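# Structure assessment
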Amino acid sequence: MSDTNLIATPNLEAPDDFYEALIEAHQGLSTEESHAYNARLVLVLANHIGSTAVLKQALEAAAVPAR
């Protein structure tokens, strides 16, 4: 797989642990603070990914309603 392809299959080593940490990170935040936190998290993760091509694929994947 090339660095310009989004990994769309399950790839988290501990998805439940991540979900729990994400929920905990939002504890005590107002809706506005929660949205701002999510925006900052997206930017931090986008910076880590670094590839505009992969990020564009992620934007497209996120726009598709869950089935």
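Look up: the structure comes first, before these words.
All values reported here derive from a predicted model rather than from experimental measurement.

## Looking at the environment of Ala25
- Within the secondary structure, Ala25 is located in helix H1 (residues 15-26).
- Using a relative accessible area of 27% as the deciding quantity, one classes Ala25 as partly exposed.
- The sequence separation of Ala25 and Asn38 amounts to 13 residues, and the corresponding C-alpha distance is 9.9 Å.

## Observations regarding H1
- Spanning 12 residues, H1 covers 17 Å between terminal C-alpha atoms, matching the ideal 16 Å at 1.5 Å per step.
- Following H1 by one or two positions, Gly28 adopts a phi angle in the positive range, close to 80 degrees.

## Thoughts on the side chain of His26
- Positionally, His26 belongs in helix H1.
- For His26, a relative accessible area of 17% corresponds to the buried category.
- Those residues in contact with His26 that sit more than four places away from it in its chain are Ser34, Tyr37 and Asn38.

Procedures and definitions
Residues numbered from 1 in each chain as written. Predicted model: local features only at pLDDT ≥ 70, side-chain atom pairs only at ≥ 80, totals over all residues. Heavy atoms only, no water. Helix = DSSP H or I, 4+ residues; strand = E, 2+ residues; numbered from the N terminus. Buried < 20%, exposed > 50% of the residue type's maximum accessible area, 1.4 Å probe, protein only. Expected span 1.5 Å × (residues − 1). Contact = heavy atoms within 4.5 Å.

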